[in-house]
Amino acid sequence: MPLKKSNSAAKKPSDAPAKKAPQPITPVRGMRDILPADFPYWRKMFETAQGLCDAYGFDRIETPVLEDTPLFVRGVGKQTDVVEKEMYSFETPGGDKVSLRPENTAGVCRAYIHHGMLNLPQPVKLWYWGQMFRHDRPQSGRYRQFWQYGCEIIGEEDAVVDAQLALIAWRYLKDLGIESTVRINSIGTPECRLNYRNALVAYFRPKRSRLSEEDKKRLLKNPLRLLDSKDPVVAEMKVEAPQIVDWLDESSKNHFMRVLEYLDEVGVPYQLDPFLVRGLDYYTQTVFELYEATEEEGSQNALGGGGRYDGLMELLGGRPTPAAGFAIGVDRVISRLKASSQNIEPKKVDVFVAQLGEGGRKKALAIFEELREAGMSASENFAKNSIKAQMDIANRLGVKWTLIVGQKEVLDGTVIVRDMDAGTQEIVDARKIVQVLQKKMIQKEQEA
Ligand code: HAM
């Protein structure tokens, strides 16, 4: 294409069209930044999860956020909302069909098969912490990128595992200061579900005309999904609907009774929820969700959910392997912690290192390294020149001591140690600063 001849040289600068200032770029809808002020909560949640998983003998696993799309289509189920409507799926330049993971149970099972974990002593207990992606309608407690903390116990079918998982999820929230209730049900084996499905269709079919288009589709393709419908009309119809518990075979009933007995034994508060089926297709037998104890019935904002998925491994091409697990919605729990005005203090800094003049700055830089190597929590702002500005920062951080290194101190080989509570100062040999501070720390602890 021939380049247009510019006539800008003929134009006076005042005639030039005004350049549009670039618009700031905002986060993608449903995604958000997690800012430093939130991190004390994130840290507390992560450290509590880690402590609990160590105590219960879980090993950490991380799987990629991007997986082959068929993993979720097969694992989570083609007709679930998560797969049908909410997946971020795309084709790579190499032509692979991939998706950002909407959940992590399928990924963990894929990893279990891929790495031959069947050959390890069973059960294999794994935990994870990471981002999930669902293109859902953004609203309170529902994000398009969110974090889950999850635990999976693979290779054991005993009911005690289901109960222990519900206990761990409940205990986790309790350790964070949140009282919760486990809503629990059993959806039996695929065979029980087939009979139940027929009963459900027989019940809803005469009422079909009152269902939304979406729910009519559910009735046709996956009637159990009707039980998760958010439509109030369905909620009203559900009251009289057949309950799956009446369609469970003896073995499923016994399994479920044992889960409940174990929960009774350890005092985990639970409510039977006959219509809880969960939104993912891989579940068999026990399913459960955790809600804040004060949450109204019918609320959709579960803090976590899980259950047994004995058929998933086979669906993904592995050997039949019973398994169960749960995942907690980290973002939702953090909202609760903040709303309950639980004051999670940021990590305390003990010492601030202030400096004056170029010589002071160099010495302060080296002292800071010494403190860090000795494991002390210290802070600084070496770019500031004014002592007053540095003292303001030290006050804001609430440190116990501020070290001051100026030209005179550099020449004398000393450091001024200011006790911030008492407002007193003393001059200390710079070579002994770590020992002096350690002694002071012990003294403060004894006084407290
Ligand atoms: P899920 O019920 O789909 O289960 O998700 C678990 C938790 O993740 C929910 O209870 C909720 O707290 C949180 N969550 C889900 N979607 C969102 C969202 N859009 N925004 C914020 N938080 C959300 C699973 O994902 C299963 N993989 C759990 C499991 C593990 N089952 C067996 N093992």
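Data block above holds the structure.
Residues numbered from 1 in each chain as written. Predicted model: local features only at pLDDT ≥ 70, side-chain atom pairs only at ≥ 80, totals over all residues. Heavy atoms only, no water.

### Some details on the site of the ligand
Neighbouring the ligand are 26 residues, the closest being Glu103, Arg134, Arg278, Tyr283 and Ala302. The separation between an oxygen atom of the ligand and a polar side-chain atom of Arg134 is 2.8 Å. Taking Ala302, its main chain carries an N or O atom lying 2.8 Å from an oxygen atom of the ligand. Relative to its free-state accessible area of 660 Å², the ligand is covered by the protein chains to the extent of 96%. Those elements that place two or more of their residues in the shell around the ligand are β6 (145-154), β10 (304-308) and β11 (323-329). Across the shell around the ligand, the residue classes tally to 11 nonpolar, 9 polar and 6 charged. (Near = heavy atom within 4 Å. Polar contact = N/O pair within 3.5 Å; in protein donor to acceptor, adjacent residues only side chain to side chain. Areas by Shrake-Rupley, 256 points an atom, 1.4 Å probe, with all protein chains shown as cover. Helix = DSSP H or I, 4+ residues; strand = E, 2+ residues; numbered from the N terminus. Nonpolar A, V, L, I, M, F, W, Y, C, P; charged D, E, K, R; others polar.)

### Here's the deal with the packing of aromatic side chains
By the definition in use, this model includes 12 aromatic pairs. Judged by centre distance (5.8 Å) and plane angle (80°), the ring pair of Trp127 and Tyr149 falls under edge-to-face. On the criterion of sequence distance, the pair formed by Trp127 in strand β5 (residues 124-133) and Tyr149 in strand β6 is long-range, its members being 22 residues apart. The exposure class of Trp127 is buried, given its relative accessible area of 3%. Owing to a relative accessible area of 0%, Tyr149 belongs among the buried residues under this scheme. Between Tyr203 and Phe204, the ring centres sit 5.1 Å apart and the planes meet at 85°, which makes this aromatic pair edge-to-face. Each member of the pair Tyr203 and Phe204 is classed as buried. (Phe/Tyr/Trp six-rings, centres within 6.5 Å; stacked < 30°, edge-to-face > 60°. Buried < 20%, exposed > 50% of the residue type's maximum accessible area, 1.4 Å probe, protein only.)

### Here we look at the layout of surface pockets
Approximately 360 Å³ is the volume attributed to the second largest pocket. Contributing to the lining of the second largest pocket are 19 residues, with Arg193, Asn222, Leu224, Asp281 and Tyr283 lying nearest its centre. Of all the secondary structure elements, the ones that give two or more residues to the lining of the second largest pocket are α6 (190-204) and α10 (312-315). Here the element with the most residues in the lining of the second largest pocket is α6; it accounts for 4 residues. Grouping the amino acids of the lining of the second largest pocket by side-chain chemistry returns 11 nonpolar, 3 polar and 5 charged. (1 Å grid on protein atoms, 1.4 Å probe; cavity = no way out; pocket = protein on both sides within 12 Å on 5 of 7 lines; lining within 4 Å. Points joined across faces, edges and corners; volume = space filled by probe spheres on them.)

### Details of empty space enclosed by the protein
Inspection of every chain in the model, using the stated rule, returns 1 cavity of 30 Å³ or more. Considered as a void within the structure, the largest cavity measures approximately 100 Å³ in volume. Lining the largest cavity are Gln79, Asp81, Glu84, Glu214, Lys217, Arg218, Lys221, Asn222 and Arg225. Secondary structure elements with two or more residues in the lining of the largest cavity: α3 (81-85) and α7 (213-221). Top element by residues in the lining of the largest cavity is α7. It accounts for 4 residues.

### Digging into the pairing of strand β12 (residues 351-355)
In terms of residue burial, β12 counts as a mostly covered element, since 5 of its 5 residues are buried. In β12, alternate side chains face the same way, and those of Val351, Val353 and Gln355 on one face and Phe352 and Ala354 on the other are all buried. The sheet contact formed by β12 and strand β13 (residues 378-380) spans 3 bridges and is parallel. Following the sheet pairing, Phe352 is matched in β13 by Ser379. Handedness of the crossover joining β12 and β13 through helix α12 (residues 357-373): right-handed. Pairing analysis gives 5 bridges linking β12 to strand β14 (residues 401-405), with the strands arranged parallel. By the bridge assignment, Phe352 is partnered in β14 with Thr402. (Pairing = 2+ DSSP bridges. Right-handed = clockwise from strand over helix to strand, strands pointing away.)

### As for the sheet that holds strand β4 (residues 97-100)
With antiparallel pairing, the 3 strands of this open sheet are ordered in space as β2-β4-β3. The open sheet has two edge strands with one neighbour each: β2 (66-68) and β3 (89-91). Ignoring which end each strand starts from, the neighbouring axes of this sheet average 35° apart. Pairing of β3 with β4 involves 3 bridges; the strand directions are antiparallel. In the sheet register, Phe90 faces β4, and the bridge partner there is Val98. (Axes fitted to C-alpha atoms, helices over the stretch in contact; angles between N-to-C directions.)

Note that every value here comes from positions in space, so none of it alone points to a role or purpose.
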